[in-house]
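Here are the chains, one letter per residue:
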Amino acid sequence: MPESTHPEAGSTWLKNLKEQGVRSVWFLAASFATLTVFFILLFLLHDALPLFATVSPLEFLTGGTWNPTGAVPSYGIWPLLVGTLLVTLGAMVIAVPLGIGSAVCLAELAPPRVKAVAKPAIELLAGIPSVVYGFFGLIILTDWLRVAFDVPSGESWLAGSILLGVMALPTIISVSEDALNSVPGSYREGSLALGATRWQTISRVLVPSALSGITAAVILGMGRAIGETMAVIMVTGNAAIIPDPITNLLSPIRTLTGTLGIEMGEVAVGSTHYHALFGVAVVLLLITLGVNLAALWIMTRIQAGYGTEEQGRQRLRVPGLQGKGKLITFLVLALLVLLLLPLPAAAALLGLGAGAVLIHRRLSRANMQHLAFALLWAALGVVLAVLAVILGYIVVNGLPAITWEFLTQPPRDLGRAGGIFPAIVGTLYLVGGAILFALPIGIGAAVYLSEYTRGGRVTAAIRTGIDLLNGTPSIVFGLFGFTFLVIFLNFGVSLIAGMITLGLMILPTIIRTTEEALKSVPDSVREGSLALGATRWQTIHRVVLPPAVPGILTGTILSIGRAAGETAPILFTAAVFSTRFLPDSLGDPVMALPYHLFILATTVPGAKEQQYGTALVLLVLVVGIYAVAIALRHHSQKKIHW
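Here goes a summary of the coordinates provided. Just so you know, the residues in each chain are numbered from 1, in the order the chain's sequence is written. This being a predicted model, a pLDDT of at least 70 is required before a residue's local features are given, and a value of 80 or more before pairs of side-chain atoms are given or counted; all residues contribute to the totals for chains, interfaces and linings. Remark: hydrogens and water are excluded; side-chain values derive from all non-hydrogen atoms of the structure.

The subject of this paragraph is the overall build of the protein. Numbering of helices and strands runs from the N terminus, with a helix taken as a DSSP run of H or I at least four residues long and a strand as a DSSP run of E at least two residues long. Per the secondary structure count, the protein includes 26 helices and four strands. Projected onto its principal axes, the C-alpha coordinates of the protein cover approximately 95 × 70 × 55 Å. A total of 642 residues make up the protein; the buried ones form 50% of that total. The contact criterion used throughout is that any non-hydrogen atoms of two residues lie within 4.5 Å. Of the contacts made within the protein by residues no fewer than 6 positions apart, 78% connect residues no fewer than 24 positions apart. Under the convention used here, a 1.4 Å probe and the Shrake-Rupley method define accessible areas, while residue burial counts only the protein chains that appear. Carbon and sulfur atoms form 67% of the exposed surface of the protein, whose accessible area is close to 29,400 Å². His is not counted here, nor are the chain ends, while Lys and Arg score as positive and Asp and Glu score as negative. Charge placement uses NZ in Lys and CZ in Arg. For Asp and Glu, CG and CD serve respectively. Distance between charge centroids for the protein: 11 Å, based on 37 positive and 31 negative side chains. Only protein chains enter the accessibility calculation, which uses a 1.4 Å probe; a residue whose area is less than 20% of its type maximum is buried, one above 50% is exposed, and one in between is partly exposed.

Now the structure itself:
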């Protein structure tokens, strides 16, 4: 009898066919993210290219005037690029010292009980929706700046930088802390054994060894600041001008994202202005892709770095600039300060620097350590205080608005009366649809990356695509959804368009968290199952996936929180400001809490109580979801022991 007709051979052939089929499905799911990035870029380019029949690329990038609706339209985005860079630079000046100081404090100084409280609190800071940050900045921060500096309006470069700095803190702290924790313990022990103090060990061994990871944290925080839309629209004044002088922190500015958020909803489809906005989106996407690729390159070097003794020695040579290097660095920094800042401010800053150097040389090692530790604790204290102020202010002012009518009735009088029931339900509809769209694709992609492949160019391309999708600004998702779903597929502004757009945005989060959950299952479990005769797919769905469910659930909940708090992706795809009725079908537009708060805060006078109430409900919804995810993660970490 021929071998192929044997019953066992036929069964084996079917099993292999099933295995190949399952593997192919998960490969397609994993490829989806990479294809989406290229698809987004191609669609944006397709709609941007007609602009260059009217305006040259050089004129578009370097033109000093952005006035597409003027009698003689101008399409120069140089003021928008400068505004984006300035607000990001200011944000990093605030976020980098606070973020790195907090990360060092958490990694090296904080006792377990303090860390158990501080880490979840910082993660909650990441969960606050950007529109709530913007609302807080519009009501409190800009007013404080107006009074403190006696200027007509506090909506300025400085307000945008402060707000974006706070928003970038969780990213910088989390990634920096991970980098510090990944430094081998032998480095710390060796330094202490040689007689160095704890501060000397931290500043001369641990931080320099983690410098690549800390750099990646700063770059990722920068990407977060560049891609932010709603908060900058609400606090920067949105004037497309270059500050004069360039160091005028109280000048209004406009960013690339702000321009898209403000103008896209009112532009005529197919006009030159419309194509120019897609040109702005392409520039924004390329900047964020570049920033994220730089961070990925650094992170890859870190992951490949630790291991060999020689690599360790090379890192330990990094610690600081020596001799002439220090002098040259000081002179360059001093020159930059003198060129960029007004003379009194430059003199004060240089005086502070000189004083710090003098104190550093005069203080004993013990006193230096006391001073450094006090500053690190102060950095962590400032971060936690910012969280407490934002949450406290929204809760105290929002509670009086919370009534049964507010939660169960539709809005009246342009949102000044009535409730927000359609917005609550609409937000839940959008989030539910996004999860239904993204969850199967995300889990399938993670299963492929974790269980079916260990490396290679294709896998590297897929991973890069997922990371780039994760770093894509939310307003770019909104534009893609508007172009592809609303116009090209003719969905119109609808619930289904918003669901898919939000689903694309949360896809990387689900993939990453699921992959980490699968990796936490020991290889011995897989090997035991395979040794007993199970196929790879049987091993995955009966042995590997069940213990990974808490981690997958955590990623899902985090994605729900992000989708519920986002405004930019639904600006042009799904949301309407006010409706008395719930959507009857997937083709109807829908109210959503973030968009409702944005319109109430920016365009509806006399709706203070409704603004605070809506902000509180949104905050409770999103932060509550994040809190559940954090609690679930801690529970699963305690429960599962391999």
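This part covers the packing of aromatic side chains. What counts as a ring pair is set by centres within 6.5 Å for rings of Phe, Tyr and Trp (its six-membered ring), and what kind of pair is set by the plane angle: stacked under 30 degrees, edge-to-face over 60, tilted for all other angles. Tallied over the entire structure, the rule returns 19 aromatic pairs. On the basis of an interplanar angle of 80° and a centroid distance of 5.7 Å, the ring pair of F43 and F488 is categorised as edge-to-face. Within this pair, whereas F43 is found in helix 1 (residues 7-48), its partner F488 is found in helix 20 (residues 474-488), the two being separated by 445 residues in sequence. Owing to a relative accessible area of 14%, F43 belongs among the buried residues under this scheme. Clustering of aromatic rings is evident, with ring pairs tying together F39, F43, F480, F484 and F488.

Okay, a nonpolar patch on the surface next. In this analysis, a patch consists of residues with relative accessible area above 30% that form no salt bridge, clustered at 9 Å for like charges and at 5 Å for the nonpolar side chains Val, Leu, Ile, Met, Phe, Trp and Tyr. Whenever Lys or Arg places a side-chain nitrogen within 4 Å of a carboxyl oxygen from Asp or Glu, that contact is recorded as a salt bridge. On the surface, a nonpolar cluster with roughly 360 Å² of combined accessible area is contributed by L42, L45, L49 and F52. Judged by relative accessible area, which is 32%, F52 ranks as partly exposed.

As a further point, take the pattern of salt bridges. Under the counting rule described, the total for this entry stands at ten salt bridges. The salt bridge involving E405 is made with R412; its shortest N-O contact spans 3.4 Å. One salt bridge connects R526 with E451, and the closest N-O pair in it is separated by 2.8 Å. With R526 in helix 22 (residues 523-531) and E451 in helix 18 (residues 421-452), this pair connects stretches of sequence that are 75 residues apart. Taken individually, R526 and E451 each receive the classification buried, so the pair is uniform in this respect. Through salt bridges with shared partners, a single ionic network connects E451, D523 and R526.

Turning to its location among the elements, T236 is positioned in the loop between helix 10 (230-235) and helix 11 (256-263). The class for T236 is buried, based on a relative accessible area of 0%. Polar contact is the term for a pair of N or O atoms within 3.5 Å; when the atoms are in protein, one must be able to donate a hydrogen and the other to accept it, and sequence-neighboring residues count only if both atoms are side-chain atoms. Of the polar contacts made by the side chain of T236, one reaches the backbone oxygen of V232; its length is 2.5 Å. With residues near it in sequence (within four places) discarded, T236 still touches E155, S156, G160, P252 and I253.

This brings us to the packing of helix 3 (residues 78-109) against helix 8 (residues 198-209). Across the interface, helix 3 lies against helix 8 with an axial gap of 12 Å and an inter-helix angle of 115°. Crossing handedness for the pair helix 3 and helix 8: right-handed. Facing V104, E108 and L109 of helix 3, the residues of helix 8 in contact are R198, I202, L206 and V207. Taken together, the residues of the contact of helix 3 with helix 8 sort by class into five nonpolar, no polar and two charged. For helices, the fitted line uses only the C-alpha atoms of the stretch in contact; every axis is such a line through C-alpha atoms, and the angle between N-to-C directions lies from 0 to 180 degrees. By convention, the crossing between two helices is left-handed when the near helix turns anticlockwise from the far helix through less than a right angle, and right-handed when the turn is clockwise. Residues are sorted three ways: Asp, Glu, Lys and Arg are charged, Ala, Val, Leu, Ile, Met, Phe, Trp, Tyr, Cys and Pro are nonpolar, and all the rest, Gly among them, are polar.

Moving on, we get to the nonpolar core. If you look at soluble globular proteins, the nonpolar side chains tend to sit buried side by side. In this structure, L44, F60, W66, I128, F135 and M264 are the most contacted members of the largest nonpolar core, which totals 184 residues. A per-element tally of this core places helix 3 first, with 15 residues. Excluding residues that lie within four positions of it along the chain, L44 makes contacts with F278, A281, V282, L285, V476 and L479. Note on terminology: a nonpolar core comprises buried Ala, Val, Leu, Ile, Met, Phe, Trp, Tyr and Cys residues joined through side-chain atoms within 4.5 Å.

For the α-helix, the turn length of 3.6 residues means that residues three or four positions removed from each other point alike. Helix length check: helix 9 (residues 211-227), at 17 residues, gives a terminal C-alpha distance of 24 Å against a target of 24 Å (1.5 Å per residue), a fit within 8%. Listed as buried for helix 9 are G213, I214, A216, A217, V218, I219, G221, G223, A225, I226 and G227. One less than the number of residues in a helix, times 1.5 Å, gives the span that helix is expected to have.

Turning to its location among the elements, G398 is positioned in helix 16 (residues 365-398). For G398, a relative accessible area of 0% translates into the label buried. Note: C-alpha distance between G398 and L51 (347 residues apart in sequence) is 46 Å. Apart from residues no more than four positions distant in its own chain, G398 is found in contact with Y612, G613 and L616.

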